[in-house]
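Examination of the molecular architecture
The lines below spell out each chain.
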Amino acid sequence: MADFPSKVTTETSSPNSRSSQPGGSSLRALAAGLATPLHSSFIRSIRAVLMMAEIILGLIQCSLIASTPYTLLAAFGWVMFVAVTLWILTTILFLLILFGAQQKLTFVPWPMTGCGAATVLYLSAFLANAASVQPWRFTYFYNHMPAAAFFGAVVTIAYGASAFFSYLDWKGDGGNAANTTVPT
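Residues numbered from 1 in each chain as written. Predicted model: local features only at pLDDT ≥ 70, side-chain atom pairs only at ≥ 80, totals over all residues. Heavy atoms only, no water.

The name given to the protein chain in an unreviewed UniProt entry is Plasmolipin, with the source organism recorded as Gasterosteus aculeatus aculeatus. Under the UniProt heading Subunit (unreviewed entry), the entry covering the protein chain gives this text: "Forms oligomers." (UniProt positions renumbered as here; feature names shortened; annotations may be inferred.)

Below, the structure written as structure tokens:
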């Protein structure tokens, strides 16, 4: 026991890890924690393909409606609100899942994020858009409005398929804590 104090070191870091800049090693550790790899398995999933279709087709519908005088009809204002809001939310959700937020934010029910509320909102926006197409009112923008209604129908189908696959993901194994416990 006499040689115990000579074998103990009280240094908290090695001399090689010290940086000449104050806080240099802590900045490197912070940057290493922020740099997360992309989930390539998510990109190849059907849910990611549907989300990319929702983003691209929703952007096309937004641009078609925005290129018309949509402020003259209240229905087109609703269509723009739904299209822009769901486009932003879908883009944020896609990026969160792509960068692995489901491992860091475990309190969010990720399978339920593609719920049917977006499908219902887009269905109402599509119906309002399709019912408001009037060939005699805006002759110059007439082709934009039916095209926006078409893309609204396609995006509604994409959101419906996404909600269906989210439901299947939620209903499958792992949806109930009692199913995931291992008996001892």
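Here the focus is the overall build of the protein chain. A count of helical and extended segments in the protein chain gives nine helices and zero strands. Taken from N to C terminus, the helices and strands of the protein chain fall in the order α-α-α-α-α-α-α-α-α. Among the 184 residues that make up the protein chain, the fraction classed as buried is 28%. As displayed, the protein chain offers around 11900 Å² of accessible surface, 70% of which is attributable to carbon and sulfur atoms. (Helix = DSSP H or I, 4+ residues; strand = E, 2+ residues; numbered from the N terminus. Buried < 20%, exposed > 50% of the residue type's maximum accessible area, 1.4 Å probe, protein only. Areas by Shrake-Rupley, 256 points an atom, 1.4 Å probe, with all protein chains shown as cover.)

For the rest of this paragraph, the subject is helix H5 (residues 74-98). An ideal rise of 1.5 Å per residue puts 36 Å on 25 residues; H5 measures up with 36 Å between its terminal C-alpha atoms. Every buried residue of H5 is accounted for by Phe76, Val79, Met80, Val82, Ala83, Leu86, Thr90, Thr91, Leu93, Phe94, Ile97 and Leu98. Contacts from the buried residues of H5 go to helix H3 (40-43), helix H4 (46-66), helix H6 (101-104), helix H7 (117-131) and helix H8 (144-171). Just past H5, the residue Gly100 takes up positive phi, approximately 80 degrees. (Expected span 1.5 Å × (residues − 1). Contact = heavy atoms within 4.5 Å.)

Turning next to the nonpolar core. Ile65, Leu86, Tyr122 and Tyr159 are the most contacted members of the largest nonpolar core, which totals 19 residues. Sorting elements by how many residues they give to this core places H5 first, with six residues. Not counting residues within four places of it along the chain, the set of residues in contact with Ile65 comprises Tyr70, Phe76, Val79, Met80, Asn129 and Ala148. Grouped together as the second largest cluster of nonpolar side chains are ten residues, Phe42, Phe94, Leu98 and Ala101 included. (Core = buried A, V, L, I, M, F, W, Y, C linked by side-chain atoms within 4.5 Å.)

Okay, the UniProt feature "transmembrane region" (unreviewed entry) in the protein chain next. UniProt marks residues 48-66, 72-100, 107-128 and 148-168 with the feature "transmembrane region" (unreviewed entry), using the numbering shown here. Helix makes up 100% of residues 148-168 and strand 0%. Its end C-alpha atoms lie 30 Å apart.

Attention now goes to the packing of aromatic side chains. The description of an aromatic ring pair rests on the distance of the ring centres and on the angle between the ring planes. Under the defined criterion, the tally for this structure stands at five aromatic pairs. Ring centres 5.3 Å apart and planes at 25 degrees place the aromatic pair Tyr122 and Tyr159 in the stacked group. Here Tyr122, found in helix H7, pairs with Tyr159, found in helix H8; they are 37 residues apart in sequence, far enough to count as distant. Assigned by exposure class, Tyr122 and Tyr159 land together as buried. With a centroid separation of 5.4 Å and an interplanar angle of 70 degrees, the aromatic rings of Phe150 and Phe151 are classed as edge-to-face. (Phe/Tyr/Trp six-rings, centres within 6.5 Å; stacked < 30°, edge-to-face > 60°.)

As a packed pair, H4 and H5 sit with axes 9 Å apart at the nearest point and diverge in direction by 150 degrees. Between H4 and H5, the crossing angle belongs to the class labelled roughly antiparallel. Considering the relative orientation of H4 and H5, their crossing is left-handed. Only Phe76, Val79, Met80, Ala83, Val84, Trp87, Thr90, Thr91, Leu93, Phe94 and Ile97 of H5 make contact with H4, whose side of the interface consists of Arg47, Ala48, Met51, Met52, Glu54, Ile55, Gly58, Leu59, Gln61, Cys62, Ile65 and Ala66. For the contact of H4 with H5, the per-class residue count stands at 17 nonpolar, four polar and two charged. (Axes fitted to C-alpha atoms, helices over the stretch in contact; angles between N-to-C directions. Parallel < 35°, antiparallel > 145°, perpendicular 65-115°, else oblique. Left-handed = near helix turned anticlockwise from the far one by under 90°. Nonpolar A, V, L, I, M, F, W, Y, C, P; charged D, E, K, R; others polar.)

To continue, consider the side chain of Thr68. By the secondary structure assignment, Thr68 is in the loop between H4 and H5. Polar contacts involving the side chain of Thr68 include one to the main-chain carbonyl oxygen of Ile65, which spans 2.6 Å. (Polar contact = N/O pair within 3.5 Å; in protein donor to acceptor, adjacent residues only side chain to side chain.)

When its relative accessible area of 7% is taken as the criterion, Tyr159 is described as buried. It is 9.4 Å that separates the C-alpha atoms of Tyr159 and Leu123, two residues lying 36 residues apart in sequence. Aside from chain neighbours lying at most four places away, what touches Tyr159 is Glu54, Leu86, Trp87, Thr90, Ala118, Thr119 and Tyr122.

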